[in-house]
Amino acid sequence: MLCDTIGERRAGTDAERRAADYVADRFRAAGMDTVVKEPFPCLSLRRATVDVHVRLGARWQKVDATALVGAPGTPGERAVTGELAWLELPESARRIAPGSLRGKIAMVFGPLPTEVAVHKRLVAAEPLAVVHVDDRLPFTWTKNDGVYPHWARTHGMPPTLAVPYLDAWRWRRDGLRQLRVRSVLDLREAESQNVVAEWRGTSPELPAIVLTAHHDTQCGNPGADDNASGVVALLALARAFGRERLRRTVRLISFGTEEQLSVGSAAYVRQHRTTSRDTGLVINFDSIASPLGHWWMFVSGAGSLARYAGNELARCGVDVDTRRELNPFSDQFPFNRAGVPSLWFTRTNFPGGRWQHHSPHDTLANVSAEEVQRLLAAVHPLVATLARAVKWSFRDALPADQLAAARKIGRALYG
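Keep in mind it's a predicted model, so treat the numbers as computed, not measured.

Novice: How would you summarise the overall build of the protein chain if you had to cite specific residues and measurements?
Specialist: Each helix and strand in the protein chain was counted, giving 11 helices and 14 strands. Here the C-alpha radius of gyration of the protein chain, 22 Å, is about what a compact globule of 415 residues would show, namely 22 Å. When the backbone C-alpha atoms are referred to their principal axes, the protein chain occupies close to 75 × 45 × 40 Å. For the protein chain, the residues scored as buried account for 58% of the 415 residues in total. Restricting the contact set of the protein chain to residue pairs at least 6 apart, pairs at least 24 apart contribute 83%. Split by element, the accessible area of the protein chain, about 17,100 Å² in all, is 50% carbon and sulfur. Where the 53 positive side-chain charges of the protein chain centre and where its 44 negative ones centre are 4 Å apart.

Novice: I'd like a rundown of helix 5 (residues 165-174), residues and numbers included.
Specialist: Think of an α-helix as turning once every 3.6 residues; residues three or four places apart then point the same way. Turning to helix 5, its buried residues number three or more, namely Tyr165, Asp167, Ala168 and Trp171. Along the axis of helix 5, the buried residues cluster in a sector spanning 165°; they form a single face. Of the surrounding elements, those touching the buried residues of helix 5 are strand 1 (34-56), strand 2 (59-63), strand 4 (80-88), strand 5 (104-109), strand 6 (129-133) and strand 8 (178-199). Downstream of helix 5 by a residue or two, glycine 175 has a phi angle that is positive, lying close to 70°.

Novice: Tell me what's going on with the packing of aromatic side chains, and back it up with residues and numbers.
Specialist: Tallied over the entire structure, the rule returns 16 aromatic pairs. Ring geometry for tyrosine 148 against phenylalanine 329: centres 6.2 Å apart, planes inclined by 20°, an arrangement best described as stacked. A residue pair is termed long-range when its members are at least 10 positions apart, and tyrosine 148 in the loop between strand 6 and helix 4 (149-155) and phenylalanine 329 in the loop between strand 13 (321-324) and helix 9 (333-337) qualify at 181 residues. With relative accessibility at 14%, the residue tyrosine 148 sits in the buried group. Exposure remark for phenylalanine 329: the relative accessible area of 40% places this residue in the partly exposed category. A connected cluster of aromatic rings, assembled from ring pairs, spans Phe139, Trp141, Phe350 and Trp355. Directly above the ring of tryptophan 60 sits arginine 180, whose terminal nitrogen or CZ lies 4.7 Å from the centroid. Above the face of the tryptophan 295 ring, arginine 347 is positioned so that its terminal group lies 4.7 Å from the ring centre.

Novice: Kindly report on unusual backbone geometry, identifying the contributing residues and their values.
Specialist: Following leucine 89, the chain continues to proline 90 via a peptide bond in cis, the omega torsion being 15°. Note on placement: proline 90 falls in the loop between strand 4 and strand 5. At the junction of aspartate 226 and asparagine 227, the peptide bond is cis and its omega measures out at 10° in the coordinates. Backbone geometry at arginine 273 places phi at a positive 45°, although glycine is not the residue there. Relative to the helices and strands, arginine 273 resides in the loop between helix 7 (263-271) and strand 11 (279-285).

Novice: Now, about the pairing of strand 9 (residues 208-214): what can you tell me, with residues and values included?
Specialist: For strand 9, the buried fraction is high: 7 of the 7 residues fall into the buried class. Residues Ala208, Val210, Thr212 and His214 of strand 9 are buried on one face, and the alternating residues Ile209, Leu211 and Ala213, pointing to the opposite face, are buried as well. As paired elements, strand 9 and strand 11 share 5 bridges and run parallel to each other. Of the residues in strand 11, the one forming a bridge with isoleucine 209 is leucine 281. Inspection of the sheet shows strand 9 paired to strand 10 (residues 250-255) by 6 bridges, in the parallel sense. Bridge assignment links alanine 213 to a residue of strand 10, and that residue is serine 254. Crossover handedness for the path strand 9 to helix 6 (residues 224-240) to strand 10: right-handed.

Novice: Tell me about the pattern of salt bridges, and name the residues and values.
Specialist: For the coordinates displayed, the defined rule picks out 23 salt bridges. With a closest N to O distance of 2.8 Å, arginine 315 and glutamate 312 form a salt bridge. Pair noted here: arginine 315 and glutamate 312 are both in helix 8 (residues 303-315), with a separation of 3 residues, about one helical turn. Classification of arginine 315 as exposed rests on a relative accessible area of 59%. Between glutamate 371 and arginine 374 there is a salt bridge; the shortest N-O distance is 2.9 Å. With glutamate 371 and arginine 374 both in helix 10 (residues 369-388) and 3 residues apart, the pair spans about one turn of that helix. If you follow the salt bridges from partner to partner, you end up with Asp14, Arg17, Asp21 and Lys37 in one network.

Novice: Talk me through the nonpolar core; I want residue IDs and the actual numbers.
Specialist: Counting residues in each nonpolar core, the largest one holds 59 residues, and the members touching the most others are Phe27, Met32, Leu211, Phe241, Phe285, Leu343 and Phe345. Looking at this core element by element, the count peaks at 10 residues for helix 10. Residues contacting phenylalanine 345, with those up to four places away along its chain left out, are Ile283, Asn284, Phe285, Asp286, Ile288, Trp296, Met297, Leu313, Leu375 and Val379.

Novice: Go over the environment of aspartate 21 with me, naming the residues and quoting the values.
Specialist: Here aspartate 21 is to be found in helix 2 (residues 14-29). Distance from aspartate 21 to glutamine 193, taken between C-alpha atoms, is 9.6 Å for residues 172 residues apart in sequence. Of the polar contacts made by the side chain of aspartate 21, one reaches the side chain of lysine 37; its length is 2.4 Å.

Thresholds, definitions, all that
- Residues numbered from 1 in each chain as written.
- Predicted model: local features only at pLDDT ≥ 70, side-chain atom pairs only at ≥ 80, totals over all residues.
- Heavy atoms only, no water.
- Helix = DSSP H or I, 4+ residues; strand = E, 2+ residues; numbered from the N terminus.
- Rg over C-alpha atoms; globule rule 2.2 N^0.38 Å.
- Buried < 20%, exposed > 50% of the residue type's maximum accessible area, 1.4 Å probe, protein only.
- Contact = heavy atoms within 4.5 Å.
- Areas by Shrake-Rupley, 256 points an atom, 1.4 Å probe, with all protein chains shown as cover.
- Lys, Arg positive; Asp, Glu negative; His and termini not counted.
- Charge placed at Lys NZ, Arg CZ, Asp CG, Glu CD.
- Arc of directions from axis to C-beta.
- Phe/Tyr/Trp six-rings, centres within 6.5 Å; stacked < 30°, edge-to-face > 60°.
- Lys NZ or Arg CZ within 6 Å of the ring centre and 35° of its normal.
- Pairing = 2+ DSSP bridges.
- Right-handed = clockwise from strand over helix to strand, strands pointing away.
- Salt bridge = Lys/Arg side-chain N within 4 Å of Asp/Glu carboxyl O.
- Core = buried A, V, L, I, M, F, W, Y, C linked by side-chain atoms within 4.5 Å.
- Polar contact = N/O pair within 3.5 Å; in protein donor to acceptor, adjacent residues only side chain to side chain.

Here it is, written out as C-alpha cells:
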C-alpha cells in the first residue's frame with residue numbers, strides 16, 4: 001500500500017496525507033483504544049526543476065542532479081555559471097572566509113556542515129551555489145536529501161543540490177573547471193500530520209512506552225526501507241499488543257516530515273510537553289528491512305539500559321551492534337532533548353548507512369519482510385516485559401551529561 005499504491009510520500013503532499021490515513025485505519029482495525037491524527041505546519045517541496053551542466057571544452061554537457069529540500073533556488077530562477085571550488089569537509093572548513101567563494105560554485109566532498117559556525121562561514125563565503133558529493137555513496141545516481149530547516153530560516157542557505165559521486169570523480173580527475181546551475185523550486189507552507197494511537201495501561205500513572213516510525217519519504221523514491229519498514233513494524237506491533245492488557249500504556253506514533261530533520265517528532269514533543277515523567281522509553285524503528293546487513297541499536301540512556309536491551313534481544317536470537325550515543329538524525333532525538341531515553345533500531349548494509357539510501361533503489365525489491373519479522377520477534381517480548389513492570393532494572397531517565405549534550409545539540413540543529 002505505502003510503496004506501490006501511494007508511492008513517494010513527500011512532506012505536506014496529498015500522498016503523505018494518504019499514508020497517514022492508511023496508518024490510522026490500520027491502527028483502528030487493530031482495535032487500539034485511541035487513534036488521532038495531529039496536524040502541524042511543514043515546508044513542502046511541490047515541484048523542482050534542476051539543470052546542471054558541466055563545461056567540456058567548448059560544449060556543455062547535462063548531468064543528473066537533485067535539489068536539497070529546504071534550500072532556495074537560484075536567484076530569479078536563472079542559471080548561474082561559475083568556476084568550481086573544491087572543498088573537502090570537514091578538514092577544509094578553516095579555509096572558508098567571507099567572500100572567498102564569490103562568483104564560484106562550491107563542490108563539497110564529504111558531509112555538508114554539521115556545525116553551525118561552519119555553515120555560517122559557508123553562507124558568508126557567498127558561493128553562487130553549493131553542490132554536494134556524498135562520500136559514503138560512490139555510485140552513479142544522486143541521493144535526495146534536505147537541509148536543516150532551522151539553519152535555513154535563521155542563517156540563510158545558498159542554492160544547494162547533489163550530483164552523483166562518479167560524475168564528480170570524473171570532473172576532479174579530468175580537471176573540469178566550470179559548472180552551470182539552474183534550480184527552480186516550488187516550496188510552500190503546508191500541513192503534515194502525526195498519527196498517534198495507544199493501548200491504555202491498567203496503571204496509567206506509570207510512564208508510557210512509546211514506539212515510533214515515520215511515514216514520509218524523501219523525493220524520488222517510494223521509501224520501502226526508509227521508512228515503510230518502520231511503519232510496518234508499528235502495524236504488526238499494534239496487532240500483537242491487542243491480545244493482552246498491560247500495566248503501562250503503550251503508545252504508537254507514525255510521524256510525518258521526518259526527512260526534514262524530525263519536524264513531526266519535534267512538533268509532538270512540543271505539543272504534548274513530553275517529559276520523562278510521562279514517557280519512560282522511546283523505541284524508534286527506521287530503515288530496518290535490509291536483506292543483508294547489520295543490526296545497529298543506538299542507545300541514548302544509561303549503560304544499564306544498553307545492557308538490558310542487548311541481553312533481551314540476544315535471548316531471542318537477535319545480535320545487535322550497540323552504539324551508546326545521541327543521534328540527532330532520527331525521530332527519537334526530540335524525546336532525548338526532553339530527557340527521555342531511547343533505543344533506535346536500524347539495519348545497515350554499507351559503511352555509514354545503506355547503499356540504496358534516499359535513492360530510486362529504495363524499493364520493495366530491496367527489502368526483506370523476514371528481517372523485519374526477525375527483529376519484531378525479539379522486540380515484542382522486550383516491550384511486553386517492560387510494559388508489565390512497575391519498576392525497571394535500568395535508569396528510566398537520560399543521564400545528566402547526555403541531557404546536557406542533547407540540549408546543546410537541540411539548540412544548534414533544531415533551534
